[in-house]
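Chains, contacts and geometry: an overview
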Amino acid sequence: MTDTPHDRMHVVSDETRNLVNLVLDYSRRRTLAVDTPLDHPMKDSELTRLAGPTISEEGLGSARALAIFEHIFAPACITTDHPKYLSFIPSAPTKAAVAFDLVVSASALYGGSWLEGAGVVHAENEVLSWLASEFGLPKTAGGVFVQGGTIGNLSALVAAREAQKAKLGDTRPGRWVIVCSAEAHSSVKSAADVMDVDIAPVPTDESGILRPEGVREALEEHGDAVIAVVATSGTTNFGTIDDIAGIAALKDDFDFWLHIDGAYGLAAMLSPLAKHKFAGVERADSVIVDPHKWLFAPFDACALIYRDPRNGRRAHTQKAEYLDTLTESDEWSPSDYAIQLTRRPRGLPLWFSLATYGAQTYRDAISHSIDLARQISTEIKKRPNLRLVRDPELSVVVFERVGWEREDYDAWSDKLLEEQRAFVVPSSHDGRPNARFAIVNPLTTFDDLVDILDTME
Ligand SMILES: *Cc1c(COP(=O)(O)O)cnc(C)c1O
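Residues numbered from 1 in each chain as written. Predicted model: local features only at pLDDT ≥ 70, side-chain atom pairs only at ≥ 80, totals over all residues. Heavy atoms only, no water.

For clarity, the threshold we go by: UniProt positions are given in the numbering used here, feature names are shortened, and annotations may be inferred rather than shown by experiment.
By the naming in an unreviewed UniProt entry, the protein chain goes by Aminotransferase class V-fold PLP-dependent enzyme and is assigned to Brevibacterium casei. Database annotation for the protein chain, UniProt heading Sequence similarities (unreviewed entry): "Belongs to the group II decarboxylase family." On record in UniProt, under Cofactor (unreviewed entry), the comment for the protein chain is "pyridoxal 5'-phosphate".

**Details of the pairing of strand E4 (residues 226-232)**
Put simply, the rule is: The cut-offs for exposure are 20% and 50% of the maximum accessible area for each residue type, with area from a 1.4 Å probe on protein chains only; residues under the lower value are buried, those over the upper are exposed, and the others partly exposed. Only DSSP runs of H or I with at least four residues qualify as helices, and only runs of E with at least two residues qualify as strands; both kinds are numbered from the N terminus onward. Strands were regarded as paired on the criterion that DSSP finds at least two bridges between them. Crossovers are described as right-handed under a simple rule: with the strands pointing away from the observer, the path leading from the first strand over the helix to the second runs clockwise.
Judged by how many residues are buried, E4 sits mostly within the fold: seven of seven residues are covered. Of the pairings in the sheet, the one linking strand E2 (residues 177-181) to E4 comprises four bridges and is parallel in character. Following the sheet pairing, Ile178 is matched in E4 by Ala228. Here four bridges tie E4 to strand E5 (residues 258-261), and the two strands are oriented parallel to one another. Across the sheet, residue Val230 finds its bridge partner in E5, namely His259. Each parallel crossover has a hand, and for E4 linked through helix H9 (residues 244-249) to E5 it is right-handed.

**What to know about the packing of aromatic side chains**
For clarity, the cut-off: To pair, rings of Phe, Tyr and Trp, with the six-membered ring standing in for Trp, must have centres within 6.5 Å; the planes then decide the type, stacked if under 30 degrees apart, edge-to-face if over 60, and tilted in the middle.
Under the counting rule described, the total for this entry stands at 12 aromatic pairs. Ring geometry for Tyr264 versus Trp294: centroids 5.2 Å apart, planes at 10°, classification stacked. Remark: Trp294 occurs in helix H10 (residues 291-294) and Tyr264 occurs in the loop between E5 and strand E6 (286-289); sequence separation between them is 30 residues. When sorted by exposure, Tyr264 lands in the same class as Trp294, which is buried.

**Looking at a negative patch on the surface**
Stated precisely, the cut-off is as follows: Grouping into patches uses exposed residues only, defined as over 30% relative accessible area, and leaves out salt-bridged ones; the cut-off is 9 Å for like charges and 5 Å for nonpolar side chains (Val, Leu, Ile, Met, Phe, Trp, Tyr). Using a 1.4 Å probe, the Shrake-Rupley method yields the accessible areas, and only the shown protein chains count as cover for residues. For salt bridges, the criterion is a side-chain nitrogen of Lys or Arg within 4 Å of an Asp or Glu carboxyl oxygen. The convention is simple: Lys and Arg are positive, Asp and Glu are negative, and His and the chain ends are not counted. Charge placement uses NZ in Lys and CZ in Arg. For Asp and Glu, CG and CD serve respectively.
A cluster of acidic residues, Glu213, Glu217, Glu220 and Glu221, forms a negative patch at the surface. Position of Glu221 relative to the elements: it lies in helix H8 (residues 212-222).

**Thoughts on the site of the ligand**
The condition that has to hold: Only a single heavy atom is needed: when it lies within 4 Å of a molecule or strand, its residue is near that molecule or strand. Between N or O atoms, a polar contact is any pair within 3.5 Å; within protein, one atom must be a potential hydrogen donor and the other a potential acceptor, and residues adjacent in sequence are included only when both atoms are from side chains. Nonpolar residues are Ala, Val, Leu, Ile, Met, Phe, Trp, Tyr, Cys and Pro. Charged residues are Asp, Glu, Lys and Arg, and all others, Gly as well, are polar.
Around the ligand, the structure places 14 residues, and the nearest of them are Gly149, Thr236, Asp261, Asp290 and Lys293. Between the ligand and Thr150, the relevant distance is 2.7 Å, taken from an oxygen atom to a side-chain nitrogen or oxygen of the residue. One of the side-chain N or O atoms of His292 is found 3.1 Å from an oxygen atom in the ligand. Summarising the interface, the protein chains cover 87% of the accessible area of the ligand, which totals 380 Å² for the free molecule. Listed by contribution, the elements that provide at least two residues to the shell around the ligand are helix H6 (149-168) and H10. The class makeup of the residues in the shell around the ligand is two nonpolar, nine polar and three charged.

Pasting the structure below:
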């Protein structure tokens, strides 16, 4: 101990103790609260007016800074884990996962290399292996938790291109091509832009499903230029699952990399209600699924899994003199499997939660959402003023209010949030506006959804 510390920020003192207690108390209250309102965004000018400048030479002190967060900034953020948050893809982290996220920060864990993080890398890998076996992938499959599905898709597609380069040797196509459905997630297009490669969009059938016939044509047309075929197992808009079994069967005739974008939907493979819909995933060369969507982990985490992790490593290992001790070793370093270097072990909250509750609890929680989506669809069909756009495949329900224009949906949605009843933003399909429930929160009830339907009378 020294009585002349260089700064107040790192030493353990009474001031530090108070600060840590204050922040942990807040975290405890927020984690255990059952009545956190939905809240709503605010104008930047309003936030400036309320909070004033918060960065100064002297600092505000922790009590004041936390009060500004709690009373001004936090209420200007929509509560994404609220049971009536039904837009985009909601978040519904388990209490164990949320609590353990604090531990990840408190322990300054480094998840990039085996040398520095062996214990946590082991734990993350156990989760990845478990997911891989649920998806029917071989025991040798492995990967890494990255920030989100966008980075997961990009990292997988870069690895796929490296594998194709290795296969082709010195020959190169004029332009590389990614084959995917016209309904593929925007992040696939974004990956193609970053990689400066072309997309060959294959039209879907009338239900939005990518079928093998179109993929076959694309493979015949583009040949060796194809980096990968991307199939989506659970589109964000509808939860539609491509014909993965049919597409995977093309591997008998063509040698191509099959990537499954399951950011939202692949989690449903854990549920006996939906597992059969994912036949063919076991032949994938890479898959992604976002624990921050339907595996009840906090933001932000995407599990990226390669059938043969050596492909990921070949594409992504960074080489630098200061990293030599790491790159020259055979140990498993997560940084080698995606576009990243420094990383927090963001798979640990999921590990702790899975270890705590067991897999069956996860299966049940996912089944709950699938079940609820079916129930509310039946209710929608009963109401003459509503029209179900499609039967739900997983837990996304899309429906129209007969006679409403876009402005009507907008006004209705604004009012729902204003009255703090629900957060449901309008969506659209084939140029027609609609309403969409994305259900992943196990606390969302049938009555919650019926209450919302009642506001559309
Ligand atoms: C959400 C989503 C993504 C993107 O994932 P992020 O974690 O938001 O980057 C990609 N594909 C599908 C199908 C998604 O639902």
